[in-house]
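# Chains, contacts and geometry: an overview
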Amino acid sequence: MRLPVQLVLGTVLFGLFLAAALLSLVWTPFDVTELDIAHKLAAPSAAHWLGTDHLGRDMTAMLMAGARTSIAVALLAVGIGITLGVPLGLAAAARRGSLLDEIIMRGNDLIFAFPSLVIAILITAVFGPSAINAILAIGIFNIPVFARVSRGAALTIWPREFILAARVAGKHSARISAEHILPNIANLLVVQGTIQFSMGILAEAGLSYVGLGAQPPTPSWGRMLADAQTFFYAYPRLAILPGLAIVLTVLGLNLMGDGLRDLLDPRLRRTVR
Amino acid sequence: MVRYAATRLISLGLSLMAASLVIFAVVEVIPGDPAAFMLGMNASEETVAALRDELGLTGSLPARYLGWVTGMLGGDFGTSYTYRVPVSELIAARLWVSLPLALYALALSTLLALPIGMLAAARRGRATDYGIMGLTQLGIAVPNFWFAMLLVVLFAITWPIFPAGGFPGWENGAWPALKALTLPAVALALPQASILARVMRSALIETLGQDYIRTARAKGLTEGQAIRNHGMRNAMIPVLTIVGLQFSFLLAGAIIIEKVFFLPGLGLLIFQGITQRDLVVVESVVMLLVFAVILVTFLVDLAYALVDPRLRHTR
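This write-up is about the structure you can find in this document. None of these values were measured; they are calculated from a predicted model.

Let us look at the overall build of chain A. Secondary structure assignment for chain A yields nine helices and zero strands. Starting at the N terminus, the α and β elements of chain A follow one another as α-α-α-α-α-α-α-α-α. Counting only C-alpha atoms and orienting by the principal axes, one finds that chain A spans roughly 75 × 50 × 35 Å. Partitioning the intrachain contacts of chain A with sequence separation of at least 6 by distance along the chain shows that 72% fall at a separation of at least 24.

Right, dumping it as structure tokens:
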């Protein structure tokens, strides 16, 4: 079986940043909390491969640690969305048309009315800014996304014969959802997870850009862009590098998502007629 | 149609009520004593008590909630603690920046995306299609505020066609104001247009495979005529859904983009509100944003029924 081109390309792109993020846990070329004002705004050199920022911090190290922040925030937010959204969606599908279904779906609609930025604003206004807020804000926004996807997909599985067989065998609807429905919608959830992951990276960047996400000294790509704004014209490198890091990571994840969809669900394969 | 609109209207009211309860709970219940929270740790007991009186925090929670909601219905959003002016005045001034910006971006994105999506669908599987799909894939991945920074360097500094930031106000003529909003709107519109063009393309390709299009072609219509007369209307449902969803992203995006261009919009107001712990401002602006999103969802629901008569009779 041939792997879709997008999947390979996307995995390589994203893998690069994931590797940089993982590597930053044990090693970065310089300490990201160490300020070196004497060497601020230095051009790329043998010592500082991508130069330094306005506080003399090494750009390579900042980008690596920024990858860690972005990926961790987006990944945890997807985790929140899946752990809360999928069971809700499955429960709604199992009790289709019931009061429970109605409550879950209306609850979803309600959360949809709060864009993650608005959730982040609310949380930050009351608890102060932190990376946790960003995780919560994006995570909460992910819940209805996963609930809808899993409810919709589960509804197409419920009328199938093997479900009927399981019911005849006396299995409870919660057990049927876990043992028979979930494995059948897992592919779809993986694809949706990849999409939400990439949206999470973008959202995290936006939140830390406006100061609602990770706080200094924790490096994050959005924060780096906010810092670069004043120096952008004189030192375009400072803004171009973190921007490109975001674009390439998100592009990689989106390509992965498209590729995975093609690979896992041939019915959804993009038909070129 | 009237019945459909009425049920949608009821659900609009319920959503607004639920949303306002959530916002009230987060802003006024979770911090415990909002007055103490707003003044910080060093405030004396008398000052806190005075502010509590001023904000009307002495009543019971249900009474305060009702007071807040009925006030808003009458256009009274409370008085800002830091600005010492009615919040409605603060919002009104800034709404004239944020709302035109979001609408400008929505218009740009729709005008750009629909023809591009149609072109890609018409040329599906050919080089044009692959080119467009590649570009939109890139467009989706670009953070709008970063794109905005690039636009400033290109079109405000290198070639000074547009202002790099600030807002002259509408009272100095529509042209300078629109000019100031152009780069922000373009920055906001690009990622949205990329998504919309892809949706338009796949919706149209899906429609073009239908029997009625083949029938239309068999009657002697050209492909272009078949698309215009029969394809478009059917492809509009998913497109409308996305346009509606995009409005909330555009409004949120506008708040972020305002920071790049130093635009005195709702974003600036809300971020100042957060730093100064002005909960009255935060609460009201958030409610307004959520109201906008819920209202657009309602309008999209109505638009569905206009596009697809079948929907008017369901439920």
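Now that the structure has been shown, we can carry on.
Moving on, we come to the overall build of chain B. When you go through chain B residue by residue, the secondary structure sums to twelve helices and zero strands. With the C-alpha coordinates of chain B rotated into their principal frame, the extents come out at 85 × 55 × 35 Å. Sequence separation of at least 24 residues holds for 69% of the intrachain contacts in chain B that already meet a minimum separation of 6.

This brings us to the nonpolar core. Membership of the largest hydrophobic core comes to 173 residues, with the highest contact counts inside it found for Ile121 of chain A together with Ala148, Met200 and Val290 of chain B. Of the residues forming this core, the biggest block, 20 residues, is contributed by helix α2 (residues 59–94) of chain A.

With that out of the way, let us pick up helix α4 (residues 116–127) of chain A. In a regular helix each residue adds 1.5 Å, so twelve residues correspond to 16 Å; α4 of chain A covers 16 Å between its end C-alpha atoms and thus fits that length. Of all twelve residues making up α4 of chain A, eleven are buried, and the element is well covered by its neighbours. Here α4 of chain A has its buried residues at Ser116, Leu117, Val118, Ile119, Ala120, Ile121, Leu122, Ile123, Thr124, Ala125 and Val126 of chain A. As for α4 of chain A, its buried residues are in contact with α5 (131–157) and α7 (173–209) of chain A together with α1 (2–29), α10 (223–261), α11 (266–275) and α12 (279–307) of chain B. Gly128 of chain A lies just past α4 of chain A and shows a positive phi near 85 degrees.

Our focus in this paragraph is the environment of Asn187 of chain A. Mapping Asn187 of chain A onto the fold places it in helix α7. When the C-alpha positions of Asn187 of chain A and Arg261 of chain A are compared, they lie 7.9 Å apart, and in sequence the two are 74 residues distant.

The subject of this paragraph is the packing of helix α9 (residues 211–218) of chain B against α10 of chain B. Residues and elements named next belong to chain B. The interhelical angle for the contact between α9 and α10, taken along N-to-C directions, is 130 degrees, at an axis separation of 9 Å. In terms of their interaxial angle, α9 and α10 are classed as oblique. Of the two elements, α9 crosses α10, and the hand of that crossing is right-handed. Each of Tyr212, Ile213, Ala216 and Arg217 in α9 lies in contact with α10, whose residues at this interface are Glu223, Ala226, Asn229, His230 and Gly231. Here the residues of the contact of α9 with α10 sort into four nonpolar, three polar and two charged.

Listed as interface residues are 31 residues of chain A and, on the opposing side, 37 residues of chain B. Those elements that provide at least two residues to the side of chain A that touches chain B are α3 (99–112), α4, α7 and α9 (237–264) of chain A. Considered class by class, the residues forming the side of chain A that touches chain B number 24 nonpolar, five polar and two charged.

Cut-off values and rules
Residues numbered from 1 in each chain as written. Chains lettered and ligands numbered in written order. Predicted model: local features only at pLDDT ≥ 70, side-chain atom pairs only at ≥ 80, totals over all residues. Helix = DSSP H or I, 4+ residues; strand = E, 2+ residues; numbered from the N terminus. Contact = placed C-beta atoms within 7 Å. Core = buried A, V, L, I, M, F, W, Y, C linked by C-beta atoms within 7 Å. Buried ≥ 20, exposed ≤ 12 C-beta atoms within 10 Å, placed from the backbone. Expected span 1.5 Å × (residues − 1). Axes fitted to C-alpha atoms, helices over the stretch in contact; angles between N-to-C directions. Parallel < 35°, antiparallel > 145°, perpendicular 65-115°, else oblique. Left-handed = near helix turned anticlockwise from the far one by under 90°. Nonpolar A, V, L, I, M, F, W, Y, C, P; charged D, E, K, R; others polar.

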